Amino acid sequence: MHRLRALMNTTAARLSALFILLFAACAVVLVVYVSSLSQRMITTQTQEAILEEMASLTTAYQRRGITGLVRMISIRSRQPGANLYMITDHNGLILSGNVEMIEPGVLDIAGWTEQPFYYSRYGETSELQEVHQAVAHVSRLPNQMILLVGRDLGEPEQYRYIVRRALMAALGMMGIGAALIWFFVGRKALKRIDSISEASIQIMGGDLTRRLPVSGSGDEFDRLSENLNAMLERIAALNEGLRQVSDNIAHDLKTPLTRLRNRAEAALAETGDENAAREALERTIAESDQLIRTFNAILMISRLEAGYSAEATTKVDLSAIVGDVVELYEPVAEELGVMLHSDVTGSIEVNGNRELLAQALSNIVDNAIKYSAGSREAPSVTVTLANSADAVRLEVIDNGPGIPQEERDRATERFVRLEKSRNQPGSGLGLSLARAVMAFHQGELVLTDGRNSAGLTVAMVFSNGKNG
Amino acid sequence: MKILIIEDDREASTFLKKAFAEAGHTADTALDGETGFALADTGTYDVYIVDRMLPLRDGLSVIRELRSKGNKTPALILSALGEVDDRVTGLRAGGDDYLIKPYAFSELLARVEVLNRRTGAKDIDTVYKVGDLELDRLSHTVTRGGEEITLQPREFRLLEYLMRHAGQVVTRTMLLENVWDYHFDPQTNVIDVHISRLRSKIEKGFDKPLLHTVRGAGYMIRAD
């Protein structure tokens with residue numbers, strides 16, 4: 001009973017019920033139409049046959065008088081399957097024909113009988129005497145005699161009966177067929193849905209590796225499962241990313257937090273030397289500022305990556321941003337002995353957010369300066385901006401130690417500081433932030449070799465299709 | 001300076017009140033938007049510090065109504081919302097500065113002091129003077145003791161901003177915001193290097209230092 005109700009609740013079952021109703025309605029309309037049409041045809045045929053009969057009887061009457069007519073009628077009456085004939089004199093006495101008894105009043109009105117009437121035939125024994133229905137044409141002869149020619153309705157009655165039975169049979173078969181289809185299709189659908197919901201219950205229960213079943217038939221259930229699986233895949237990836245980030249945060253923030261705590265403790269212990277205590281406190285503040293900065297960067301990256309950043313974009317002059325950032329970093333570069341220059345011709349605009357782009361570029365330039373500062377021969381960082389048919393490329397090229405090919409993908413991950421640079425200052429978020437900013441701009445951050453396959457080129461690539 | 005702090009975090013507002021008192025300012029506190037608006041409406045303050053998210057009435061609506069009533073007292077918005085657009089919304093509502101939580105008190109203090117219209121140079125001043133250093137905003141020239149000093153355009157703007165707020169602490173982020181018009185936090189000490197370049201230009205050959213570093217806060221230009 002419960003299963004039946006569940007079956008009733010499936011969409012397939014509801015649909016098939018609806019179809020049965022529709023088909024049944026159509027069948028009824030069709031049958032009614034066909035039977036009324038054929039009814040009318042039969043009536044017309046009957047009337048034509050009667051009229052013909054009438055015509056030949058009239059001719060006989062005109063040629064041979066009443067005697068001839070009576071004789072003709074008595075001959076015709078005896079033929080098998082004959083029509084109904086009756087002729088009466090002016091007193092209503094039956095002179096000839098095959099009708100023994102007739103519903104009273106039928107003979108009173110000349111012309112077509114308005115409704116079928118009852119009669120019984122001559123010669124039928126009283127036990128077998130049946131009451132038949134017929135239609136007839138009544139006409140008055142000149143000497144007050146009445147002539148009736150009619151036709152039994154048994155035939156059309158039987159026809160109607162056949163049609164009705166056919167209709168019932170058709171409806172019955174349709175019902176059985178629909179019920180079968182309903183049962184099998186509905187049950188199959190129910191089974192698939194049951195397995196899907198069973199899988200989702202397990203997934204909700206925490207088994208994120210579980211996937212929804214795909215039968216391989218490529219039907220809509222498969223497509224649904226595939227899409228939901230893709231969604232689960234994405235959720236799992238985000239989840240994994242989140243887990244990794246929190247691990248990294250825990251790892252990367254634990255060290256400075258511990259240091260912070262130790263320093264505060266040491267400052268507290270410095271009872272005598274006020275200057276030393278003060279210095280310790282100042283360093284503590286500086287360190288917490290760095291922590292806040294790291295947090296802000298993580299927050300920004302997550303927001304940009306999650307794609308719900310509400311930052312507005314407008315036409316931004318990239319050339320101006322390059323100019324600003326190079327100008328901002330030029331003194332630092334000079335202090336570190338790095339040649340920083342830019343190679344920008346004309347003004348190139350992209351659709352974007354000026355603040356984010358400037359921050360991304362300054363992170364990249366910052367890195368480039370820091371890492372190339374150590375290189376032996378004439379450290380230099382070049383920023384180039386070029387517009388080609390399909391993309392705008394903003395490149396920062398340095399001649400520092402570079403990043404080995406196999407480590408480049410990892411270099412833009414959060415908190416990743418490649419082995420060689422573990423001892424360099426920085427949060428390890430610079431390139432990740434730049435990558436997130438580029439993702440926000442529907443662009444890419446591409447790492448390749450620097451010039452003469454030395455150093456590193458970090459390219460911010462804006463696809464021209466979207467940014468013009 | 002008399003400051004009104006509208007901040008619903010009781011601990012934070014108590015700390016701010018105490019810290020401003022130590023810096024020589026008096027501060028009143030309001031813990032919700034309605035009280036804050038009523039106090040601000042008395043018009044006896046030099047600067048408002050308004051938290052963006054407040055009970056009863058949000059900070060932006062408080063500032064908006066004060067502005068619509070013709071109150072021009074400078075207002076600094078404190079907010080945990082840190083996207084560029086949030087800042088724009090805040091300034092559009094009538095705020096004069098926007099500071100994202102968490103912040104260093106030294107940063108807040110410097111910004112509030114700079115907002116105070118009773119001190120610092122006025123918009124109409126065309127020549128700023130600090131000791132024997134003079135900056136002419138119209139002719140774009142800088143002289144010290146009558147000797148002309150050649151500055152790059154950016155150095156000129158840097159010095160202009162510092163001299164406009166002579167005697168007040170300006171922080172690195174304030175400089176980046178006002179001189180470069182960027183609001184992000186550069187990873188390296190880029191501003192420091194610009195300052196030391198400027199310092200060498202205006203102090204080389206002169207005995208008296210003018211451009212001072214304020215530890216843990218920023219920079220200040222002053223004559224003594």
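Details of the structure are given in the entry above.
Given the structure is predicted, the values throughout are model-derived calculations rather than measurements.

When you look at the environment of Gly36 of chain B in this model, what are you seeing that I'm missing?
Residue and element names in this part refer to chain B. Relative to the helices and strands, Gly36 resides in helix α2 (residues 33–40). Considering only alpha carbons, one finds Gly36 and Val62, 26 residues apart in sequence, at a separation of 7.8 Å. What Gly36 contacts, discounting residues up to four positions off in sequence, is Leu4, Ile6 and Ala30.

What's the story with the packing of helix α6 (residues 153–164) of chain B against helix α7 (residues 172–180) of chain B in this structure? I'm lost.
Two quantities define a packed helix pair, namely the angle between the helix axes and the distance between the axes. Residues and elements named next belong to chain B. Remark: α6 packs on α7, axes separated minimally by 10 Å, with the N-to-C direction vectors making an angle of 120 degrees. In terms of orientation, α6 lies oblique with respect to α7. Every pair of crossing elements has a handedness; the one defined by α6 and α7 is right-handed. Contacts from Arg154, Arg157, Leu158, Tyr161 and Leu162 of α6 reach α7 at Met174, Leu175, Asn178, Val179 and Trp180. Taken together, the residues of the contact of α6 with α7 break down into 7 nonpolar, 1 polar and 2 charged.

Just to check I follow, could you spell out the pairing of strand β3 (residues 47–51) of chain B for this structure?
Each regular strand carries side chains that alternate between the two faces of the sheet. Residues and elements named next belong to chain B. With 5 of 5 residues buried, β3 is to be regarded as a mostly interior element. Where strand β1 (residues 2–6) lies against β3, 4 bridges are found, and the strand directions are parallel. Note on β3: the bridge partner recorded for Ile5 is Ile49. Summarising the sheet, β3 and strand β4 (residues 75–79) pair through 4 bridges and their orientation is parallel. Paired with Asp51 across the strands is Leu78, a residue of β4. Note on the crossover from β3 through helix α3 (residues 59–68) to β4: the handedness is right-handed.

Would you explain the sheet that holds strand β13 (residues 444–449) of chain A in this entry?
By definition, the strands of a sheet pair up through backbone hydrogen bonds, in either a parallel or an antiparallel sense. Residue and element names in this part refer to chain A. Strand order in this open sheet of 5 strands is β9-β11-β12-β14-β13, and the pairing throughout is mixed. Each end of this open sheet is capped by a strand with a single partner; those strands are β9 (339–344) and β13. In this sheet, adjacent strand axes meet at a mean angle of 15 degrees when their direction is disregarded. Bridging between β13 and strand β14 (residues 456–463) involves 6 bridges; their strand directions are antiparallel. Its bridge partner lying in β14, Glu444 is registered against Val461. Along the sheet, helix α6 (residues 318–335) makes contact with β9, β11 (380–387), β12 (391–398) and β14, crossing β9 at roughly 170 degrees.

Here is what the cut-offs are and how they apply
Residues numbered from 1 in each chain as written. Chains lettered and ligands numbered in written order. Predicted model: local features only at pLDDT ≥ 70, side-chain atom pairs only at ≥ 80, totals over all residues. Heavy atoms only, no water. Helix = DSSP H or I, 4+ residues; strand = E, 2+ residues; numbered from the N terminus. Contact = heavy atoms within 4.5 Å. Axes fitted to C-alpha atoms, helices over the stretch in contact; angles between N-to-C directions. Parallel < 35°, antiparallel > 145°, perpendicular 65-115°, else oblique. Left-handed = near helix turned anticlockwise from the far one by under 90°. Nonpolar A, V, L, I, M, F, W, Y, C, P; charged D, E, K, R; others polar. Buried < 20%, exposed > 50% of the residue type's maximum accessible area, 1.4 Å probe, protein only. Pairing = 2+ DSSP bridges. Right-handed = clockwise from strand over helix to strand, strands pointing away.

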